Amino acid sequence: METTKPFEISKLDVMRAWELVKANDGAEGVDGETIEQFESNLKGNLYKLWNRMSSGSYFPQPTRTVAIPKKDGGERKLGIPSVSDRIAQTVAKLSFEPLVEPHFLGDSYGYRPGKSAHQALDVTRKRCWRYDWVLEFDIRGLFDNIDHHLLMKAVKKHTDNPWLLLYIERWITAPVQQVDGSVVDRTKGVQQGGVISPVLSNLFMHYAFDAWMDREFPDHPWCRYADDGLAHCRTLAEAERLRMALEERLQECGLEMHPVKTKIAYCKDGDRRGSYPVTSFDFLGYTFRARRSKNKYGKFFINFSPAMSNSAGKAIRQEVRSWSIPKRSDKSIEDLSRMFSATIQGWINYYGRFHRSQMFMTLRHINSKLVWWAWRKFKKLFRHRRRAEHWLGRVAKDFPSLFPHWRIGLLPTVR
């Protein structure tokens, strides 16, 4: 006689969730189990997970915390769930996200299907041409400070599915294994790095900010990407009033506006007059400020527009240094291309969308590391930097597609 499970969870959804988790890869959780180890007994592991979720006996393991350096200094705590927990969260996301996604507003861009950071940057660029002032805000530790009671209230507004409610609450309250190995309970926040966390944080911010802005300040266009956001104002007085109101609103929701990263900026260009202390702001790795641009008729003008920020360039150079290219004398130049081209292309794709030339100096930093690599690898080039530059220049001329930045014309130059 077949036993009826308390919860109806599709085995096909569990399989689909596994395929998504496998495609994303990722590190192991607290149990040390890798994707490959889970897959070695795939049928049995998936059945066990489905059986536990369907019977209500599924409890998530603690999430393993790792520290990730931030571009502006400091560290971000990233939580890594176990493979089975990532699959379970993906099963829930497949059911929950379609319920809330239609209610999210168009100017929420972070972690949403069909939305991107480039879209957020583009709409911000155009609005800066029409509005003189921008309130750019950052929420201090959004993922760590989301109120569980308010979050579950929002979840229940969109679903009464008993297994979704049960497991979402278990995930947000699951303990955390710290970097030092100690395990602590979580009384607020959602773990950054969890599969379900972006959907939950967007739902929380939908009510804490997005819908509130549309209701209370309908004349101020806004844009939000996770915990970074901004709103456009016509006057400085409007921006100051909005800042005070938003700070109060966030406090009501248990959140805090970052005192340093939040600023009011004047979108100064060639037509706007006046002298103000802040005439630029950073958003999603780009700096918005006055820049010399050319119109379609070939005439230059001063335009308020985005380009890769200095902090983003610094982060890229730090990562390039961490590759230790000059010390990899056991590798061929083709090996180096295979190792690093995907990352370089990713930088070009993201930071080259607006004012690509701003990133050229940063990308040329890679060429200097390749010169040092050649200088150390080949005896005939040792202690002869000029020869190493000539050698790399000839390689780039013969094989301009070897590295992504060579393909856009950033070939090595001889001094």
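No experiment lies behind these values; they were computed from the predicted model shown.

Our focus in this paragraph is unusual backbone geometry. Phi angles above zero are rare outside glycine, and aspartate 25 is one such case at about 60 degrees. Take aspartate 25: it is sitting in the loop between α1 (11–24) and α2 (35–40). Residues other than glycine seldom take positive phi values, yet tyrosine 111 does so here, at roughly 55 degrees. Mapped onto the fold, tyrosine 111 is located in the loop between α4 (83–100) and α5 (117–130).

Once that is clear, we can look at the environment of lysine 126. Locating lysine 126 in the fold gives a position in helix α5. Here the alpha-carbon distance between lysine 126 and serine 305, two residues 179 residues apart in the chain, equals 8.6 Å.

Scanning the entire structure with this criterion turns up zero disulfides. Looking at the unpaired cysteine 128, the closest cysteine sulfur is the one in cysteine 267, lying at 3.9 Å. On the accessibility criterion, cysteine 128 (0% relative accessible area) is buried. Looking at cysteine 267, the relative accessible area reads 0%, which means it is buried.

Attention now goes to α4. Relative to the 26 Å expected for 18 residues at 1.5 Å per residue, α4 spans 25 Å between its end C-alpha atoms, a close match to the ideal helical length. Where α4 bends most, at lysine 93, the angle is about 30 degrees.

Further remarks concern helix α7 (residues 148–158). Those residues of α7 that sit buried are His148, Leu151, Met152, Ala154, Val155 and His158. Angularly, the buried residues of α7 cover 155 degrees about the axis, an arc narrow enough to put them on a single face. Seen from the buried face of α7, the exposed residues on the opposite side, beyond 90 degrees, are His149, Lys153, Lys156 and Lys157. In this structure, the buried side of α7 is in contact with α4, α8 (162–173) and α9 (197–216). Its side-chain oxygen placed 2.9 Å from the backbone nitrogen of histidine 149, aspartate 147 serves as the N-cap of α7.

Let us look at the pairing of strand β1 (residues 63–69). Within a regular strand, the side chains alternate between the two sheet faces. Where β1 meets strand β4 (residues 176–177), two bridges bridge the pair, whose relative direction is parallel. When the bridges of β4 are listed, threonine 63 appears paired with valine 176. Relative to strand β2 (residues 75–80), β1 runs antiparallel, the two being bridged by six bridges. Bridging from a neighbouring strand, valine 66 pairs with leucine 78 of β2.

So, about the packing of helix α11 (residues 310–322) against helix α12 (residues 333–351). Contact geometry of α11 with α12 gives a least axis separation of 12 Å together with a crossing angle of 175 degrees. Considering their axes alone, α11 and α12 lie roughly antiparallel with respect to each other. Seen from α11, the contacting residues are Ala312, Ile316, Glu319 and Val320; seen from α12, they are Thr343, Trp347 and Tyr351. Across the contact of α11 with α12, the residue classes tally to five nonpolar, one polar and one charged.

Looking at the protein chain as a whole, its pLDDT mean stands at 92, while 97% of the residues score no less than 70. Here β2 stands out as the element of the protein chain with the lowest mean pLDDT, 81, in contrast to α7, whose mean of 98 is the highest.

The sheet built from four strands is open, its strands ordered β6-β7-β3-β8 with antiparallel pairing. This sheet does not close on itself; its edge strands, each paired only once, are β6 (222–225) and β8 (263–266). Recorded for the sheet is a direction-independent mean angle of 20 degrees between the axes of neighbouring strands. Two strands pair when backbone bridges link them, and strand β3 (residues 133–138) and β8 are joined in this way by four bridges, in the antiparallel orientation. Bridging across to β8, glutamate 136 finds its partner in lysine 263. Lying over the sheet, α9 contacts β3, β6 and β7 (228–233), oriented at roughly 170 degrees with respect to β6.

On to the pattern of salt bridges. Taken as a whole and assessed by the stated rule, the structure comprises 13 salt bridges. Two residues, aspartate 122 and arginine 125, come together in a salt bridge whose shortest N-O distance is 2.6 Å. Of this pair, aspartate 122 and arginine 125 both sit in helix α5, three residues apart, which is roughly one turn of the helix. By sharing partners, the salt bridges in this structure join Asp122, Arg125 and Lys126 into a single network.

Glancing now at the side chain of threonine 124. Note on placement: threonine 124 falls in helix α5. Setting aside residues up to four positions removed in sequence, threonine 124 forms contacts with Cys223, Leu230, His232, Phe281, Phe283 and Phe288.

What follows covers the nonpolar core. By size, the foremost hydrophobic cluster in this structure holds 63 residues, and its most contacted members are Met53, Ile87, Phe96, Val155, Trp163 and Leu200. Discounting chain neighbours no more than four positions away, the residues touching valine 155 are Phe96, Leu165, Ile168, Leu200 and Leu203. The next biggest cluster of nonpolar side chains, apart from the first, holds 51 residues, and it includes Val123, Phe283, Leu284 and Ile348.

Now for the sheet that holds strand β10 (residues 286–294). Pairing within the open sheet is antiparallel, and its three strands lie in the order β9-β10-β11. Bordering the open sheet on either side are β9 (281–283) and β11 (300–308), each of which pairs with just one other strand. This sheet shows a mean twist of 50 degrees between the axes of neighbouring strands, independent of strand direction. The pairing of β10 with β11 spans nine bridges and is classified as antiparallel. Residue pairing for β11: phenylalanine 288 is matched across the bridge by proline 306. Against the sheet, α5 makes contact with β9, β10 and β11, and its axis sits at roughly 60 degrees relative to β10, the strand it touches most.

The rules we used
- Residues numbered from 1 in each chain as written.
- Predicted model: local features only at pLDDT ≥ 70, side-chain atom pairs only at ≥ 80, totals over all residues.
- Heavy atoms only, no water.
- Helix = DSSP H or I, 4+ residues; strand = E, 2+ residues; numbered from the N terminus.
- Disulfide = S-S within 2.5 Å.
- Buried < 20%, exposed > 50% of the residue type's maximum accessible area, 1.4 Å probe, protein only.
- Expected span 1.5 Å × (residues − 1).
- Bend = angle between axes of the 7 residues up to and from the residue.
- Arc of directions from axis to C-beta.
- Contact = heavy atoms within 4.5 Å.
- Polar contact = N/O pair within 3.5 Å; in protein donor to acceptor, adjacent residues only side chain to side chain.
- Pairing = 2+ DSSP bridges.
- Axes fitted to C-alpha atoms, helices over the stretch in contact; angles between N-to-C directions.
- Parallel < 35°, antiparallel > 145°, perpendicular 65-115°, else oblique.
- Nonpolar A, V, L, I, M, F, W, Y, C, P; charged D, E, K, R; others polar.
- pLDDT = per-residue confidence, 0-100.
- Salt bridge = Lys/Arg side-chain N within 4 Å of Asp/Glu carboxyl O.
- Core = buried A, V, L, I, M, F, W, Y, C linked by side-chain atoms within 4.5 Å.

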